[in-house]
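# Fold and contact review
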Amino acid sequence: MIRNSLGDAEREELVHRNAAKSVRPPAMRQVERRALGVEEARRLLDVLRGHRLEALYVCALTVGLRRGELLGLAWSDIDFEAGTLTVRQTVQRAEGRLQLVAPKTERSRRTVPVPAQTLALFRAHRRQQAADRLAAGERWQDHGLVFPSKVGTPMDPDHIDRTWHKIRAAAALNWLRLHDLRHACATFLLVSGASPRTVMKVLGHSQMGLTMNTYAHVLPEIERAAVDEAAKHLFG
């Protein structure tokens, strides 16, 4: 950020040179994340079954949406017939209040396929929301959101975090962050044979390198599966 700012100042002749260019940045360390296993994911799904926000957390696990994207998701963004959803807006806190804003990048604005099981949870959640709307009466503010508060307004992200802490404790997964569901989605896609470019599109990454660097821990497993599959074709 400092380098870019001084670069602008240099172009506008406010400084003689960009001193930040001569700074040697520290080496970036690759943080090794603990990956959610299949059995752990099934245990989590068991805990979520019947929960008020089951559809939200399952969507994070199966589609890889970020927290703000989940809270900004509108019913008009879900195509039940095509089995897809489109990320068009996200919930962010700005100037002390929650706002619906456009995604930061073009890659973040995307249409992705949704599994049939997740779509079924969306339908059940819509029925639950209809009951909430009746209970709220005149207090309901219709923003068309899939996961609003009990009066229809954008839900506070902090509420999602507090709820998540209870869910992961019940599943004996205290190390699991909410954002790790997004990582788990990508890992399961890669192990299932999806190409890195497909995963990049689903997650809304801006660069292929970001996808490959983030999920490098999965590559040996993918390479082993590819080699074994090729051997089957060769030797029958």
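Residues numbered from 1 in each chain as written. Predicted model: local features only at pLDDT ≥ 70, side-chain atom pairs only at ≥ 80, totals over all residues. Heavy atoms only, no water.

## Observations regarding the pairing of strand S4 (residues 97–101)
For clarity, the cut-off: Only strands joined by at least two bridges in the DSSP assignment are considered to pair. Only DSSP runs of H or I covering at least 4 residues are called helices, and only runs of E covering at least 2 are called strands; the numbering of each starts at the N terminus.
One ladder, built from five bridges, connects strand S3 (residues 90–94) with S4; its direction is antiparallel. Of the residues in S4, the one forming a bridge with Thr90 is Val101.

## Observations concerning the packing of aromatic side chains
For clarity, the cut-off: Aromatic pairs are defined between Phe, Tyr and Trp rings, using the six-membered ring for Trp, whenever the two ring centres lie within 6.5 Å; interplanar angles under 30 degrees are classed as stacked, those over 60 as edge-to-face, and all others as tilted.
Summed over all chains, the structure comprises two aromatic pairs. Seen in terms of ring centroids, Tyr57 and Trp164 are 5.4 Å apart; in terms of plane orientation they differ by 35°. Their pairing is tilted. Remark: Trp164 occurs in helix H6 (residues 157–170) and Tyr57 occurs in helix H3 (residues 54–63); sequence separation between them is 107 residues. Seen in terms of ring centroids, Phe122 and Phe147 are 6.2 Å apart; in terms of plane orientation they differ by 45°. Their pairing is tilted. Remark: Phe147 occurs in the loop between helix H5 (116–136) and H6 and Phe122 occurs in helix H5; sequence separation between them is 25 residues.

## Overview of the side chain of Asp77
Put simply, the rule is: Contacts between residues were defined by any pair of non-hydrogen atoms, one from each residue, lying within 4.5 Å.
You can see Asp77 is positioned in the loop between helix H4 (67–72) and strand S1 (78–79). Those residues in contact with Asp77 that lie beyond four places of it in its chain are Gly72, Thr84, Leu85, Thr86 and Arg88.

## A short note on the state of the cysteines
Heads up, the condition is: The disulfide definition used here is simple: a pair of cysteine sulfur atoms within 2.5 Å. With a 1.4 Å probe rolled over the protein chains alone, any residue whose accessible area is under 20% of its type maximum counts as buried; one over 50% counts as exposed, and the rest are partly exposed.
If you walk through the whole model with that rule in mind, you get zero disulfides. Summary of cysteine pairing: Cys59 is not part of a disulfide, and the nearest cysteine sulfur, belonging to Cys185, is at 9.0 Å. Judged by relative accessible area, Cys59 falls into the buried class, the value being 0%.

## Quick word on H6
Short version of the rule: One less than the residue count of a helix, multiplied by 1.5 Å, gives the span that helix is expected to have. The directions from the helix axis to the C-beta atoms are what the arc is built from.
Helix length check: H6 (14 residues) gives 20 Å between terminal C-alpha atoms against 20 Å at 1.5 Å per residue, within 8%. For H6, the full list of buried residues reads Pro157, Ile160, Thr163, Trp164, Ile167 and Arg168. End-on, the buried residues of H6 take up no more than an arc of 135°, which puts them together on one face. Turned more than 90 degrees off the buried face of H6, the exposed positions are Arg162, Lys166 and Ala170. Looking at the buried positions of H6, the neighbouring elements they touch are helix H2 (38–48), H3, H4, S3, S4 and helix H7 (179–191). Residue Ala172 follows H6 closely and has a positive phi angle near 55°.

## Some remarks on helix H8 (residues 196–203)
Restricting attention to buried positions, one finds in H8 the residues Val199, Met200, Val202 and Leu203. Angular distribution of buried residues about the axis of H8 spans 165°; they occupy a single face of the element. Residue Gly204 follows H8 closely and has a positive phi angle near 80°.

## Things to note about the layout of surface pockets
Selection criterion: We place a 1 Å grid over just the protein atoms. Points where a 1.4 Å probe fits but has no way out form a cavity, open points with protein on both sides within 12 Å along at least 5 of 7 lines form a pocket, and any residue with an atom within 4 Å of a point lines it. Grid points are joined across faces, edges and corners, and a volume is the space filled by probe spheres set on the points. Classification convention: Asp, Glu, Lys, Arg as charged; Ala, Val, Leu, Ile, Met, Phe, Trp, Tyr, Cys, Pro as nonpolar; all other residues, Gly among them, as polar.
Looking at the largest pocket, its volume works out to about 290 Å³. Every residue along the wall of the largest pocket is listed here: Arg66, Arg67, Gly68, Glu69, Thr90, Val91, Gln92, Arg93, Pro103, Lys104, Ser108 and Pro157. Secondary structure elements with two or more residues in the lining of the largest pocket: H4 and S3. Per-element tally for the lining of the largest pocket: the top contributor is S3, with four residues. Around the second largest pocket sit 14 residues that line it, and Leu45, Val58, Leu61, Thr62 and Thr118 are the ones nearest its centre. When contributions to the lining of the second largest pocket are tallied by element, the ones reaching two or more residues are H2, H3, H5 and H7. The greatest single-element share of the lining of the second largest pocket, amounting to four residues, is contributed by H3. Classifying every residue of the lining of the second largest pocket by side-chain character gives nine nonpolar, three polar and two charged.

## Describing empty space enclosed by the protein
As enumerated under the stated definition, the model contains two cavities of 30 Å³ or more in all. Of the voids in this model, the second largest cavity is the one considered here, and its volume is about 70 Å³. Every residue lining the second largest cavity is listed: Arg52, Leu53, His125, Gln128, Gln129, Asp132, Trp140, Val146, Phe147, Pro148, Ser149 and Met155. Taken together, the residues of the lining of the second largest cavity break down into six nonpolar, four polar and two charged.

## Regarding the nonpolar core
Which entries qualify depends on this criterion: Side-chain atoms within 4.5 Å are what join buried Ala, Val, Leu, Ile, Met, Phe, Trp, Tyr and Cys residues into a set we call a nonpolar core.
Of all hydrophobic cores here, the largest spans 41 residues; its most connected members are Leu44, Tyr57, Ile78, Leu85, Phe122, Phe147 and Leu181. For this core, the elements supplying multiple residues, two or more each, are H2, H3, H4, H5, H6 and H7. At eight residues, the largest contribution of residues to this core is made by H3. Sequence-distant contacts of Leu85, defined by excluding residues within four places in its chain, comprise Cys59, Val63, Leu65, Leu73, Asp77, Ile78, Arg110, Thr111, Val112, Val114 and Phe122.

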